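# Breakdown of the fold
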Amino acid sequence: MDDNNPGAFDDTPDAGVDDPAENRLKPVQKTRRPSVASIIISVVLVACAVTAVVILAMTNVVPARMMIPAVITDFVLVALAVVLLLISRPRRHPVRFWLSTILALVLAIANVGVAKVGSDYLKVTSEVQPPASDTVLYDVVVLTSGPTAVSQLAGTTVGEVADDPLSDAMQSHFLSLVNVSFKPSATWTALVADLTGADVTSIVIQDGFMQILSDADPDTYATLRILTSFEIDSSLANTPSPSPSPTPTMSNPDGAYIIYVSGIDTYGSISTRSRSDVNILVVVNPTTGKVLLVNTPRDFYVQLRGTTGLKDKLTHSGVYGIDVSVGTMEDLYGINIDYYLRINFSSLVTIIDALGGVDVNSAYNFSFGGYTFTQGMNHLNGAAALAFSRDRHDFALGDRIRGENQERVIEGVINKLANPSVLVGYTRILSSIQNSFQTSMPQDVISEQVRQQLSTGRSWSTTSISVTGGDGSQYTYSYPSQKLYVMIPDQSTVDAAKAQIQATLSGQ
C-alpha cells in the first residue's frame, strides 16, 4: 500500500506476509533440540535423585521436618540443572552448558552418596537381625599325647554325649571327615572322664562345655588338645528344645524398653553359643532421656530358665543359647526384656574403633593387657577398651569391678553415639560394624530410635548400678561333679535393682 494513497495497492511484498515463492528458496530452519549429552546427563541426574529419595525414605530415620525441606531443595536444584542442560547446546552455549553439567554432576554425586549411606544402613540393620537358629560349635578333643590329625582317628571309637539333641547332625558331619564309631556317655563330664581314662581315643564335645572345663578343672583341661572344630546349626536338633514357661513380669510403659546385653566369651562368629561373661541390662526411657545400666556378675548363682535342681553360674546360661540367658535374667529381676544384643570380643574392638574410640571414666589406676589406665577420663581405642573391660584379677573385688568397668565402656559408647559428630563418619562406621553384633530389636524399631535421636538431639543421662553377693562354693547344674566358685546373690541388692528398673521405666 502506498503511504501517500492509502486506497491504492502496490506490488511490494509486505514484510509480515510470507511469500510462497520466497519460502521455497529459504532453507527450513531446524528446531532447537537439546543435545544428546544434555539428555543423557539429565536422565542420569533425575535417576540418582529419585533413587536417593526412595532409599532414604525406606530407612525411615530422617525426621519429616528434615526430610521434606531436603527433598524439596534437592528436586529444585535438580530441576534447575535439567532445565539449563536442555536449553544449552555445547557449541552455541559452551559456558552455560559446562556450568550446568558441573552442577548436575555435583548433584548426582551428592545423591549417590545419600543413596549409598541409606543402602548401607538398610544392609547393616537387616544383617544384625538374629538368624532363626544359632550354631553350636563342636570340638574334636584328644589327649595331648594322642593323635595329631583327624585322619589318624580312622577306625577308632569317638565318645559323645548320649542325649545330645544334635547327635545325628554331628555324627553325619564327623563321618564326612573320617570313618569312626561312636560311644555314648551319660553326661559331658563323664565323656571327659572316658577320654582321660583311655576308654576312647577321642571325644566330640560342645565347645561351651570345654570352656566350662577350662575354668572348673584347669589341670584336666591342660591334658587335652583340640584337633579340629566344626559348627552345627541348632535347627537340626532331633527334638525341638522345650519352651520354658515365663514367669510373671512387670509391664513396661509405652516407649520405655529394656535391652539385655550379652557379651559372649569368644572371638569370631557371634551366632555361636558360648558363655555369657557380660550380662548388662540397659533400661531406656526415651521420654525422660534416662538410661539405667544394671550389671549382673558372671558368677551370680541363679536358676537357669528351663532347668530344675541345681542352680548355676549366670555365665553358663550362654552355653544353652541366648533364650536361656534372656529367660534367666527375666526370672532374676521379674522383668520383661524387650530386646537382646549379643557382642563378643571381636565385636567390641570393631565397634569402638569404628566410632573413633570412646571416652571412659576409670575409678582406678591399673594396667592390663599392655595398657595403662589412669583414674579419671581415658580415651580408649577398641583394643584398649577390651583390656579395660576384661581385667578382674588386679582388683580385690574381682568380677564386681570388672562389671563396673564394662558398664563404663557402654556409657562411653552411648555418649559417642548420641554425639552428632558421629554422623561425619557414618558410612565408614556402617561398613565397619557389619557382622559385629546381633540384636533382636527389629529394623523398624532401630530406625525409630535413630529418627528420634536426630529429631530431638537429646543428651542422655546414664546411671550405672551393680548387684552383688558373697563368695561361695557350690555344685552347679552344668558341672555337678565338683563345687565351683560362685557368687551367692545378696537379695537386697537385687531388690534395689528391681526398684530402680521400675523407677526408670515409669519416668521417675
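None of the values given here were measured: they were computed from a predicted structure.

## Examining the overall build of the protein chain
- The helix and strand tally for the protein chain stands at 15 helices and 19 strands.
- In the protein chain, which comprises 508 residues, the share counted as buried stands at 46%.
- Sequence separation of at least 24 residues holds for 72% of the intrachain contacts in the protein chain that already meet a minimum separation of 6.
- Carbon and sulfur atoms provide 58% of the accessible area of the protein chain, an area that totals close to 24,900 Å².

## A look at the confidence of the model for the protein chain
- When pLDDT is averaged across the protein chain, the result is 85; 86% of the residues are at 70 or more.
- Predicted confidence in the protein chain is weakest over helix α1 (residues 20-25), with a mean pLDDT of 50, and strongest over strand β9 (residues 301-302), with 97.

## Brief notes about the environment of Ser 214
- As for its placement among the helices and strands, Ser 214 is situated in helix α7 (residues 207-216).
- Here Ser 214 is in contact with Tyr 221 and Arg 275, once residues within four sequence places are set aside.
- Looking at Ser 214, its side chain comes within polar contact range of the main-chain oxygen of Gln 211, at 2.5 Å.

## Considering the sheet that holds strand β7 (residues 276-285)
- Overall, mixed pairing links the six strands, which are arranged β16-β11-β6-β7-β8-β17 in an open sheet. Strand pairing shows two members of the sheet lacking a second neighbour, β16 (438-439) and β17 (461-466), which therefore form its edges.
- In terms of strand pairing, strand β8 (residues 290-295) meets β17 through six bridges, oriented parallel. Directly across from Val 291, in β17, lies its bridge partner Thr 462.

## Regarding the packing of aromatic side chains
- One pass over the full model with this rule turns up twelve aromatic pairs.
- Between Tyr 138 and Phe 230, the ring centres sit 5.9 Å apart and the planes meet at 20°, which makes this aromatic pair stacked. With Tyr 138 in strand β1 (residues 135-143) and Phe 230 in strand β5 (residues 224-233), this residue pair connects regions lying 92 residues apart in the sequence.
- Judged by its relative accessible area of 6%, Phe 230 falls in the buried class.
- Arranged with centres 5.1 Å apart and planes meeting at 15°, the rings of Trp 188 and Phe 209 form a pair that is stacked. Placement of Trp 188 in helix α6 (residues 188-196) and of Phe 209 in helix α7 is noted, with a sequence separation of 21 residues between them. Each of the two residues, Trp 188 as well as Phe 209, counts as buried.

## A closer look at the pairing of strand β6 (residues 257-264)
- By the criterion of burial, β6 is predominantly enclosed, with eight of the eight residues buried.
- Side chains of β6 alternate between two faces, with Tyr 257, Ile 259, Val 261 and Gly 263 and Ile 258, Tyr 260, Ser 262 and Ile 264 buried alike.
- Bridging between β6 and β7 involves eight bridges; their strand directions are antiparallel. Each residue of the ladder has a partner; that of Ile 264, found in β7, is Ser 276.
- Bridging between β6 and strand β11 (residues 339-343) involves five bridges; their strand directions are parallel. Note on β11: the bridge partner recorded for Ser 262 is Arg 342.

## Points about empty space enclosed by the protein
- Evaluated as defined, the whole model comprises one cavity of 30 Å³ or more.
- Computed from the structure, the largest cavity encloses a volume of approximately 40 Å³.
- Along its surface, the largest cavity is lined by Thr 135, Val 136, Leu 137, Gln 206, Asp 207, Gly 208, Arg 273 and Val 319.
- Mapped by element, the contributors of at least two residues to the lining of the largest cavity are β1 and α7.
- If one sorts the elements of the lining of the largest cavity by residue count, β1 sits on top with three residues.

## Considering the packing of helix α2 (residues 36-59) against helix α3 (residues 64-86)
- Interaxial distance between α2 and α3 falls to 9 Å at its minimum, and their mutual angle equals 170°. It follows from the interaxial angle that α2 and α3 lie roughly antiparallel. Seen from α2, the contacting residues are Ser 38, Ile 39, Ile 41, Ser 42, Leu 45, Val 46, Ala 49, Val 53, Leu 56 and Ala 57; seen from α3, they are Met 67, Val 71, Asp 74, Phe 75, Val 78, Ala 81, Val 82, Leu 85 and Leu 86.
- Split into classes, the residues belonging to the contact of α2 with α3 amount to 16 nonpolar, two polar and one charged.

## A look at the side chain of Thr 101
- Relative to the elements of secondary structure, Thr 101 occurs in helix α4 (residues 94-127).
- Each residue touching Thr 101, except ones within four places of it in the same chain, is listed here: Ile 41 and Leu 85.

## Some details on a nonpolar patch on the surface
- Among the surface-exposed residues, Ile 39, Val 43, Val 83, Leu 86 and Ile 87 lie close enough to one another that they form a single nonpolar patch of about 410 Å² accessible area.
- At the level of elements, α2 and α3 are the ones that each hand at least two residues to the nonpolar patch.
- Locating Ile 87 in the fold gives a position in the loop between α3 and α4.

## As for α7
- With eight of ten residues buried, α7 lies mostly within the body of the structure.
- Every buried residue belonging to α7 is among Asp 207, Gly 208, Phe 209, Met 210, Gln 211, Ile 212, Leu 213 and Ala 216, and all of these are buried.
- For α7, the elements touching its buried residues are β1, α6, β4 (202-206), α8 (218-222), β5 and β19 (484-489).

Each value, and the rule that gives it
Residues numbered from 1 in each chain as written. Predicted model: local features only at pLDDT ≥ 70, side-chain atom pairs only at ≥ 80, totals over all residues. Heavy atoms only, no water. Helix = DSSP H or I, 4+ residues; strand = E, 2+ residues; numbered from the N terminus. Buried < 20%, exposed > 50% of the residue type's maximum accessible area, 1.4 Å probe, protein only. Contact = heavy atoms within 4.5 Å. Areas by Shrake-Rupley, 256 points an atom, 1.4 Å probe, with all protein chains shown as cover. pLDDT = per-residue confidence, 0-100. Polar contact = N/O pair within 3.5 Å; in protein donor to acceptor, adjacent residues only side chain to side chain. Pairing = 2+ DSSP bridges. Phe/Tyr/Trp six-rings, centres within 6.5 Å; stacked < 30°, edge-to-face > 60°. 1 Å grid on protein atoms, 1.4 Å probe; cavity = no way out; pocket = protein on both sides within 12 Å on 5 of 7 lines; lining within 4 Å. Points joined across faces, edges and corners; volume = space filled by probe spheres on them. Axes fitted to C-alpha atoms, helices over the stretch in contact; angles between N-to-C directions. Parallel < 35°, antiparallel > 145°, perpendicular 65-115°, else oblique. Nonpolar A, V, L, I, M, F, W, Y, C, P; charged D, E, K, R; others polar. Patch = residues over 30% accessible without salt bridge, like charges linked within 9 Å, V, L, I, M, F, W, Y side chains within 5 Å. Salt bridge = Lys/Arg side-chain N within 4 Å of Asp/Glu carboxyl O.

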